[in-house]
Amino acid sequence: MKRIHYAFLWLCLFTVRLASAQDTLHLTLPQAEEQFTRNNLQLIAAKMGISESKAYELQASLKPNPTVYVEHMPYNTQKKELGGFNQNNAQQFIQFQQLIEVAGKRNKRVELARLNTEQAQNQSLVLLRDLQYALRTTFYDLYYLQQQVKVYDDEIGTLQQTVNLYQQQYDKGNVPLRDLARLKAYLFNLNTEKQQLLVSIADDEADLNVLINTAGKHFIIEANTPLANLNLLRFDDLLAQAEANRSDLNAVKTGVKLENQNLILQKALAKPDVTLQFSYDRNAGYIPNYFGLGASISLPFFNKNQGNIEAAHIRTQSAQTTLQAYQLQVQQNVFTSYSKAIQADKMYQTFDNRFATDFSKLIDGVLLNYKKQNIDVVEFIDFFDSYKSTVIQFNQLQSNRMKAFEDLNYAVGKIIL
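Residues numbered from 1 in each chain as written. Predicted model: local features only at pLDDT ≥ 70, side-chain atom pairs only at ≥ 80, totals over all residues. Heavy atoms only, no water.

A. Examining unusual backbone geometry more closely. A positive phi angle is found at N213, which is not glycine, with a value near 60 degrees. Structurally, N213 can be placed in the loop between α5 (177–211) and β6 (218–222). A positive phi is found at N289, a non-glycine position, where the angle reads about 50 degrees. Secondary-structure assignment places N289 in the loop between β7 (274–281) and β8 (290–297). Under the relative-accessibility criterion, N289 is labelled partly exposed at 33%. (Helix = DSSP H or I, 4+ residues; strand = E, 2+ residues; numbered from the N terminus. Buried < 20%, exposed > 50% of the residue type's maximum accessible area, 1.4 Å probe, protein only.)

B. Here's a closer look at the nonpolar core. Grouped together as the largest cluster of nonpolar side chains are 63 residues, with contacts concentrated most on L27, F139, L159, L183, I221 and F380. The leading source of residues in this core is helix α4 (residues 105–171), at 14 residues. Leave out the neighbours within four places in its chain, and L183 touches L159, T162, V163, Y166, Y370, V377, F380 and I381. (Core = buried A, V, L, I, M, F, W, Y, C linked by side-chain atoms within 4.5 Å. Contact = heavy atoms within 4.5 Å.)

C. Quick peek at the pattern of salt bridges. This structure, assessed with the given rule, holds 19 salt bridges. A salt bridge links E259 to R315; the nearest nitrogen and oxygen atoms lie 2.8 Å apart. Taken together, the residues span a long stretch of sequence, with E259 in helix α7 (residues 247–269) and R315 in helix α8 (residues 306–350) at a distance of 56 residues. What makes R315 partly exposed here is its relative accessible area of 49%. Members of the salt-bridge network, linked through shared partners, are E111, R114, E118 and K257. (Salt bridge = Lys/Arg side-chain N within 4 Å of Asp/Glu carboxyl O.)

D. Representation of the packing of helix α6 (residues 235–245) against helix α11 (residues 377–412). Two elements in contact, α6 and α11, have axes separated by 7 Å at closest approach and are oriented at 55 degrees. Taken together, the axes of α6 and α11 are oblique relative to one another. Contacts between α6 and α11 involve L238, Q241, A242 and N245 from the first element and L408, A411 and V412 from the second. Broken down by class, the residue content of the contact of α6 with α11 amounts to five nonpolar, two polar and no charged. (Axes fitted to C-alpha atoms, helices over the stretch in contact; angles between N-to-C directions. Parallel < 35°, antiparallel > 145°, perpendicular 65-115°, else oblique. Nonpolar A, V, L, I, M, F, W, Y, C, P; charged D, E, K, R; others polar.)

E. Spotlight on the side chain of R282. By the element assignment, R282 lies in the loop between β7 and β8. A polar atom in the side chain of R282 sits 2.5 Å from the side chain of Q92. (Polar contact = N/O pair within 3.5 Å; in protein donor to acceptor, adjacent residues only side chain to side chain.)

F. Representation of the sheet that holds β8 in the model. Across the sheet, four strands lie side by side as β2-β5-β7-β8; this open sheet has antiparallel pairing. Two strands lie at the open edges of the sheet, namely β2 (67–72) and β8, each paired on one side alone. Strand-to-strand twist in this sheet, taken as the mean axis angle between neighbours without regard to direction, amounts to 15 degrees. Of the strand pairs in this sheet, strand β5 (residues 92–100) and β7 are connected by eight bridges, and their pairing is antiparallel. Looking at β7, one finds that Q98 is bridged to L276. (Pairing = 2+ DSSP bridges.)

Structural data, given as C-alpha cells:
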C-alpha cells in the first residue's frame, strides 16, 4: 500500500514538473522576432487592411455600367385588346445609355486609390515599427529583470543559511537576539524587493505573450550584451536613414501626395461628363420603327465644384506644412536618441563589471570573517547590501544602454545596433 502511495505522489510530482516545463519557453531575440512576425494578430489585421485597399483600387478602375430602358404597352385602348407584339396593336420602346467620363476622371480615381493602398502599407509598417520596438524593449527589460532576480536568489540563499545557523546559535544562547533580528529583517527586505521584481517580470511576460501570440507562458530569456562602436555612427548618416526608413514619415509624405491627387481629381470633376444614348421606338414616334442617337451633357453654369476644389487646395497646403513640421520632429528625435545612446554607452564602459564575477569569493571571505567574529552583523549586512546595489546598478546600466540603443533604432526606423 505504501508503494502505491509513493508511486502516486511521484506521478503527481512528475505531472506538475512536466506542466511547468511546457509553460516555460527558452527564448532568444531572433526566435521572439520570428514568432512575432508570423503570429502577431495586429500585424495580421493590418495586412488584411492592405488587401481591402487593393480591392478599392480595383473598384476605382472599373468603368461605369451602361443602362437599358425597355417599355412595352400592355393594353391597346383604341382596339380594346391586350397589347402583344403585333405591330398593329402594340408599342415597344428601348433606350440604351452609356456614361462617358471626360478629363481622365477614372484614371485619377485609380491613382487616388493606389495612393490609399500605399498609405495602408505605410500604416502597416508604422504598426510593425511600434510593435517591434515594444517587443525588443520588453525582451531586454525582461532579461535584465531576470538577471536581477538571480542576484537576489544568490543573496537570499546565502543569507538564509546564515540565519539558520544564527538561529541555532541563538537557541543555544551564544548570540544576542538583536543580531538575529537584524539578519531576519534584512532577509525579509530582500524577499520583498524580489517580489516586486517578480511583479514587473509578470507584466513583461504578459506583454510578450500578447506580442508573439502565446498564452500563459513564462520565459527564460537568453541574450547577450551586444558590442557596439558608436564612434562609427555619424549623425548625418543616421538622419539620411531616418528620412528613407521612417514609416511614419513616409506616411506623412504619402498624405501630401494624396491631397495633391485629390486636388487634381476635384478639378477634373468640374468638367461635365457626356452621356451617349441610342433609342428605338416602334409605333409612338412620327414614323414606325424609329431609331435615334443622342448625347447629353450638364451645363456648368452654377456648380463648377468650386467649394471642393478650394477645400482640396487648402488641404494640400496643410499637408505640406504638416510634413515640414514632422521632418523637423524626426531630426530632433534622431539627435536626441543619438546623444542618449552615446551617453548610456559611455556610462556602461566606465563600470568595472569584474566586481560582479568575484561575488562567490568575496562572500566566502566575508562569511568566514563573520563566523570568526572579525566583523559584526552590521558590517556583514552592509557588505551584502553594497554588493546587491552594485550588481543591480550594473544591470540597470546595461538595461538603460539597451533601451537607448532601441530608442535610436526606433528613431532611425531601422535596426542598426
